[in-house]
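Summary of structural features
The primary structure of each chain is shown beneath.
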Number of protein chains: 2
Amino acid sequence: MIKVTISNMNKELEIDKINYSLLDILNEGGIEIESICGSKGKCGKCKVIVKNPESVNEITLEEKKSLSEEEIKKGFRLSCLVNLNNNTIIEIPDSSLQKQLRILCEGRSNKILIDPIIKSELIKVKKPLLGNEKSIVDLINEINKEIISVDYPTLKELSNKIEYGLDIKVVRYGNEIIGISEIEKNIYGAAIDIGTTTVVIYLFDLEKGKLVDIESVLNPQVRYGEDVVSRITFSMKNGVEVTNKVIVDEINLMINRLCNRNNISNKSIYEITVVGNTAMHHIFLNINPKTLSFSPFTPILSKSINLKSRELGININPSGNIHVLPIVSGFVGADTIGVLIATEMYKNPEISLAVDIGTNGELVLGNKDKMVSCSCAAGPALEGGHLKFGMRASTGAIESLYIEEDTFNTFYKTINNGKPKGICGSGIIDIVSEMLRVGLLDPSGKIRAHHNERIRKDPLNGQKEFVIEWGDNTEIKKDIVITASDIREIQLAKGAIMTGINILLEKSNITIAQIENLYLAGAFGNFIDIKNAIRIGLLPNIPLDKIISVGNAAGEGAKISLLSRERRMEEDLINKKIGYIELAAEKNFNGEFVMSLNFPKFD
Amino acid sequence: MIKVTISNMNKELEIDKINYSLLDILNEGGIEIESICGSKGKCGKCKVIVKNPESVNEITLEEKKSLSEEEIKKGFRLSCLVNLNNNTIIEIPDSSLQKQLRILCEGRSNKILIDPIIKSELIKVKKPLLGNEKSIVDLINEINKEIISVDYPTLKELSNKIEYGLDIKVVRYGNEIIGISEIEKNIYGAAIDIGTTTVVIYLFDLEKGKLVDIESVLNPQVRYGEDVVSRITFSMKNGVEVTNKVIVDEINLMINRLCNRNNISNKSIYEITVVGNTAMHHIFLNINPKTLSFSPFTPILSKSINLKSRELGININPSGNIHVLPIVSGFVGADTIGVLIATEMYKNPEISLAVDIGTNGELVLGNKDKMVSCSCAAGPALEGGHLKFGMRASTGAIESLYIEEDTFNTFYKTINNGKPKGICGSGIIDIVSEMLRVGLLDPSGKIRAHHNERIRKDPLNGQKEFVIEWGDNTEIKKDIVITASDIREIQLAKGAIMTGINILLEKSNITIAQIENLYLAGAFGNFIDIKNAIRIGLLPNIPLDKIISVGNAAGEGAKISLLSRERRMEEDLINKKIGYIELAAEKNFNGEFVMSLNFPKFD
């Protein structure tokens, strides 16, 4: 029996079959590791760090080809080529875990202290003596000096429920009583991430500080347009009330489902924290987004706002607080503030860069002293949009890929291992990167001529294309290809992001080398192969260990705001500290952008 | 031609008929002076002060009997016995004017500075430059640093109405924008006095600081009981929602009438200030008054409260503020705080006593350093309740009376000069006082035997009674009498008030002589003959010029709160400064009360 200790996961596996590869052992043990080349040591996805190299076989030639010198020095191995001789201690980098296993960040540095702004406490009002001129509210204030006021509907509730000498369980929002709970019941809160595409609600037990359940749906506003601009236009034409009602109704349905599933009452939810981009923010608040629709794209409100749920028609306790995180500008929203809250980059002395890639890419560069942000119009290509075989990240989407050097044969993985239907964002980055690596693309983005049946011209428009999979093997019975204009779309997208990064760096007088942390936020950041993203020039070339995928950091920010009174207080300080650069207004924007279109050259 | 200058009314009359009495001259000139004895110099109601005595006839014997030495020294005369020889300057004491002419107090010392907490101002938001990260709310804050937030529904309104470069007229409640008004329209506010019996709304133009109109109705809650105890009981049994709805609906109707009459929109009313006793306060706020129903009669809330009108269903601008003045205790309400605001006694170094007589009498004694209050259960006798021929102050009620010494014939005035139907509060005080003066009553309250047909026994119960008017001369065709038990009721009522005054004085270590101002508040205080009130021992025996009738001072307080930001800020300070004494809990209460039942002896 040999033991494998995974030091960064608090996990141990015991095995007797020592002739298995480490990759097989881990997969059998339930730790699903990425791998797409069939354990040939080619795709380089199944990396682990072996802490005691003497307990395993020596590093192979294949591995030396695939790993960088630095990685080898640090003990990196490809687990498909590792055989164990003895008890082994390893560490598994987050990037080697299969997507669904990747852990979402909970603030960079540490776990947060659970200390929600919404609290409950037992209060017992003793019967006052005759002649005591204190009111019930005064008497409660005497018991706890922190309690200063009572929200109006709760004042009524208090007047009905008060009995001298009996405990009542009051729910506080800061210094205000906002509810009276049954003594034996817990109080709840929810964090909502309103994405342009997806809406996610995280339900928390605020007394235990524990996640209870998650509910996630497609944003029903999608029927009014896929992107924020079409939502804004629709809201201006038809009244923001229409788009607002659709999202509020959906959130109420989601809350009902969460409550039913967990057998709690809507009334026991006392707070909701909300993040979303600026358009989602305005529409959720039922504010006309017209000033977002034309230059200078000024939002109506940028500070955080607290409203009673009854004002917005959200079906939780009517005195419950709706806390909407602040926004930065018309194009850098509360979701970005959420990312900052989650990464804590606004508190650290080191320089950090946060990159949240979607249809718009939001970037923030800086540290505790100063931060600048911008928004890059990347377009939908990096999410699979506008590409001939691009698709959403769903079953059958090619999500990662490896190309054999000489044959140009492809090895790939699809989501849920479905028969391939198309290519999603992370797959596209892998394809372009691999095409560059094996010499199928030149740095200008041209598909190179090769005597290979996978490289051909579209007979209709004469455009070059590369065949990823032949029609016989696909779900759609068509050859899945990537075309020259697909490549162009990707160049425009990654060029937009890189231009944003470069301008932020220039404006801040910071060099790439000074970036200590690059936080990659959003589902996209979570699923891409970072090395490949660097290879195509979507991300700057900085050491991999400085790049941290922080998953849905926007949602994480909403959760932290719900659970930590202290961190919430920091939101509006961030909002004050952060500057915004409108890229289009920068005079070197066009030059930078053209420069960024080429793919970087690597040795 | 002779000129009469009324120095305290800015008025001059020119007359040629110099053989008329000054009383006739004044009445003919539209200044209606009290008088009930038919110009015989007997009732002593028509007093004026003659500033240049050399211009009139010498003081008569009758006047010397009726006026005190001090009054004579100050130049007081009975106008029915004054004849003019030359141009005359006089001053007419408030108490000599007929009720409908009496001027309601506007704060003791001076006019208030019109500076409402609700203000409007023009704001022009210039189109920001591209890259300016400020929001519209931030830009408004840059224009006026005082503006910090926008009430939620107004945020929506702002998002619809904002146009770069155009003036918008914002309405502010302190640092918050609560509305956007049409530029050419004024903004309005209202002060409401919710009495147990009467509800009065004063509508003000807040930009001009001017009273626009008044609306007054019977409190529709009267159907649930005449006094506060029955309202509380009803609210507890049937839900405060019932009594609340009745008053809110009525207020909305009144506001609609005021708006229609003055051609303004409900939406242009941005604030309402509210006073009322503690029961009215709780019911208006839709708060269960159950803790007011049993000892120690603790209110739910005593500090002032500000609510959005939409929370209470009051039909003014939905972002409009409802400001309810603070209360002191279960029996000393916001109406009393209103009296203090109006009299400013909480700011003055001199000792003042405020007396507000109704079914309950509320008393406040003190000065800027310290104030104590109490509530006396006077019962309804002083308002005509529980008396054989007692009635409300309406047409046909005997409101003032004079008894001829030897004949015991009565001279009286009824409201609107109707045929007599009964006796209202001020009439009752006159009757008892006159009976004492002419020897019909002894100090213990016994009706003395006299050979006079007006003094007789009720054949049914053998009770003594005094006939005020014979049935032939009355509307009701019955002899109007005052009975021995009526006298007893009045003794209990005035004894309750005087006990309260004595206990406040004792507790505060203050003597009657130290009282510099006695403020008599409420309709009652406005209509009674103060000298007679002193004679029966309802008020302490202090110089008449220290007693000031302040009319509806509670309503006045609500008006001042509406019009003066500075004075409003003082309300909760009063609330902090004022103590409350529960009379029933005082160990010398019973002794004091029994002592107070007798009528005082005067020489």
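These numbers were taken from a predicted model, which means no experiment stands behind them.

Section: the overall build of chain A
- Regarding its fold elements, chain A presents 17 helices and 27 strands.
- Computed over C-alpha atoms, the radius of gyration of chain A comes to 27 Å, within 12% of the 25 Å expected from 2.2 N^0.38 for 603 residues, which places it in the range of a compact globule.
- By the burial criterion, 50% of the 603 residues in chain A qualify as buried.
- Taking as baseline every contact in chain A between residues at least 6 positions apart, the subset at least 24 positions apart corresponds to 68%.

Considerations on the relation of the copies chain A and chain B
- Relative to chain B, chain A is turned by 180° and slid 0.1 Å along the rotation axis, the superposed coordinates differing by an RMSD of 0.2 Å. Each copy turns onto its partner about a two-fold axis. Considering only C-alpha atoms, the part of chain A nearest the rotation axis is Glu 311 of chain A, at 4.8 Å.
- The share of interface residues of chain A whose copies in chain B are also at the interface is 100%, consistent with both copies meeting through the same surface.

Focus: the sheet that holds strand 18 (residues 371-377) of chain B
All names here are of chain B.
- Read from one edge of the open sheet, six strands run 26-25-16-17-18-27, paired in mixed fashion. The outermost strands of the open sheet, each flanked by one partner alone, are strand 26 (547-551) and strand 27 (578-580). Across the sheet, the mean angle separating the axes of adjacent strands is 20° when strand polarity is ignored.
- Bridge count between strand 25 (residues 515-521) and strand 26: four bridges; the pairing is parallel.

What to know about the domain arrangement of chain A
- According to the domain assignment, chain A contains domain 1 (2-101), domain 2 (118-181), domain 3 (188-324), domain 4 (339-380 + 491-597) and domain 5 (385-478).
- Taking only C-alpha atoms, the centre of domain 3 of chain A and the centre of domain 5 of chain A are 38 Å apart.

Thoughts on the pairing of strand 1 (residues 2-6) of chain B
Residues and elements named next belong to chain B.
- Bridge count for strand 1 against strand 2 (residues 11-15) is five bridges, and the pairing is antiparallel. For Thr 5, the partnering residue across the bridge sits in strand 2 and is Glu 12.
- Hairpin connection, strand 1 to strand 2: the antiparallel pair is bridged by four residues, and Asn 10 has positive phi, about 55°.
- Here three bridges tie strand 1 to strand 5 (residues 88-91), and the two strands are oriented parallel to one another. Across the sheet, Ile 6 pairs through a bridge with Ile 90, a residue of strand 5.

Some details on the pairing of strand 9 (residues 176-181) of chain B
All names here are of chain B.
- With two bridges joining them, strand 7 (residues 149-150) and strand 9 adopt parallel strand pairing. Bridging across to strand 9, Val 150 finds its partner in Ile 177.
- Taken together, the five bridges between strand 8 (residues 167-173) and strand 9 define a ladder with antiparallel strand orientation. Paired with Val 170 across the two strands is Ile 180, which belongs to strand 9.
- Taking the residues between adjacent antiparallel strands as the criterion, strand 8 and strand 9 are bridged by two residues, where Gly 174 takes a positive phi near 60°.

A look at the interface of chain A and chain B
- With 37 residues of chain A at the contact, the number on the chain B side is 37 residues.
- Elements with a minimum of two residues in the side of chain A that touches chain B: helix 4 (136-143), helix 5 (152-161) and strand 27 (578-580) of chain A.
- Per element, the largest residue contribution to the side of chain A that touches chain B is six residues, and it comes from helix 5 of chain A.
- For the side of chain A that touches chain B, the residue count by class is 19 nonpolar, 13 polar and five charged.

Describing the nonpolar core
- Counting 305 residues, the largest nonpolar core has Tyr 519 of chain A together with Tyr 519 of chain B as the members making the most contacts within it.
- Not counting the four nearest positions on each side in its chain, Tyr 519 of chain B is found in contact with Val 339, Thr 343, Met 345, Ser 352, Ala 354, Val 355, Ile 548, Val 550 and Ala 553 of chain B.

Some points on helix 6 (residues 228-238) of chain B
Residues and elements named next belong to chain B.
- Every buried residue of helix 6 is accounted for by Val 228, Arg 231, Ile 232 and Ser 235. Mapping the buried residues of helix 6 onto a view down its axis gives an arc of 100°, with all of them on the same face. Exposed residues on helix 6 whose side chains face more than 90 degrees from its buried face are Lys 237 and Asn 238.
- Its buried side turned inward, helix 6 meets helix 7 (240-262) and helix 8 (278-284).
- One or two positions beyond helix 6, positive phi appears at Gly 239, with a value near 95°.

Concerning unusual backbone geometry
- Backbone torsion omega between Ser 295 of chain A and Pro 296 of chain A reads 10°, so that peptide bond is classified as cis.
- Inspection of the secondary structure assignment puts Pro 296 of chain A in the loop between helix 8 (278-284) and strand 14 (305-308).
- Its identity as a non-glycine residue notwithstanding, Asn 263 of chain B has a phi of 55°, on the positive side.
- Mapped onto the fold, Asn 263 of chain B is located in the loop between helix 7 and strand 13 (269-276).
- In this structure, Asn 286 of chain B is a non-glycine residue whose phi angle is positive, near 60°.
- Here Asn 286 of chain B shows up in the loop between helix 8 and strand 14 (305-308).
- You can call Asn 286 of chain B buried: it has 23 C-beta atoms within 10 Å.

A word on the sheet that holds strand 9 of chain B
Residue and element names in this part refer to chain B.
- Spatially, the four strands line up as an open sheet ordered 6-8-9-7, and their pairing is mixed. For this open sheet the edge positions go to strand 6 (118-124) and strand 7, each flanked by a neighbour on one side alone.
- With seven bridges joining them, strand 6 and strand 8 adopt antiparallel strand pairing. Along strand 8, the bridge assignment pairs Ile 123 with Ile 168.

Some thoughts on helix 4 (residues 136-143) of chain B
- Taken residue by residue, helix 4 of chain B has Ile 136, Val 137 and Ile 140 of chain B as its buried positions. Considered in projection along helix 4 of chain B, the buried side chains sweep an arc of 100° and stay on one side of the axis.

Some words on the environment of Ile 255 of chain B
Residue and element names in this part refer to chain B.
- With respect to the secondary-structure elements, Ile 255 resides in helix 7.
- Note: C-alpha distance between Ile 255 and Asn 473 (218 residues apart in sequence) is 43 Å.
- Apart from the residues lying within four places of it in its own chain, the contact partners of Ile 255 are Ala 190, Ile 201, Asn 266, Ile 269, Asn 315 and Ile 316.

What about the packing of helix 10 (residues 334-343) of chain B against helix 15 (residues 553-563) of chain B?
Residues and elements named next belong to chain B.
- Two elements in contact, helix 10 and helix 15, have axes whose closest approach is 7 Å; the angle formed by their N-to-C orientations is 70°. Here helix 10 is positioned roughly perpendicular relative to helix 15, judged by the angle of their axes. Of the residues in helix 15, those in contact with Asp 335, Ile 337, Gly 338, Val 339, Ile 341, Ala 342 and Thr 343 of helix 10 are Ala 553, Ala 554, Gly 555, Glu 556, Gly 557, Ala 558, Ile 560 and Ser 561.
- For the contact of helix 10 with helix 15, the class distribution of residues is eight nonpolar, five polar and two charged.

The rules behind these values
Residues numbered from 1 in each chain as written. Chains lettered and ligands numbered in written order. Predicted model: local features only at pLDDT ≥ 70, side-chain atom pairs only at ≥ 80, totals over all residues. Helix = DSSP H or I, 4+ residues; strand = E, 2+ residues; numbered from the N terminus. Rg over C-alpha atoms; globule rule 2.2 N^0.38 Å. Buried ≥ 20, exposed ≤ 12 C-beta atoms within 10 Å, placed from the backbone. Contact = placed C-beta atoms within 7 Å. Least-squares fit on C-alpha atoms with pLDDT ≥ 70 in both. Pairing = 2+ DSSP bridges. Axes fitted to C-alpha atoms, helices over the stretch in contact; angles between N-to-C directions. Domains from an automatic or database assignment. Nonpolar A, V, L, I, M, F, W, Y, C, P; charged D, E, K, R; others polar. Core = buried A, V, L, I, M, F, W, Y, C linked by C-beta atoms within 7 Å. Arc of directions from axis to C-beta. Parallel < 35°, antiparallel > 145°, perpendicular 65-115°, else oblique.

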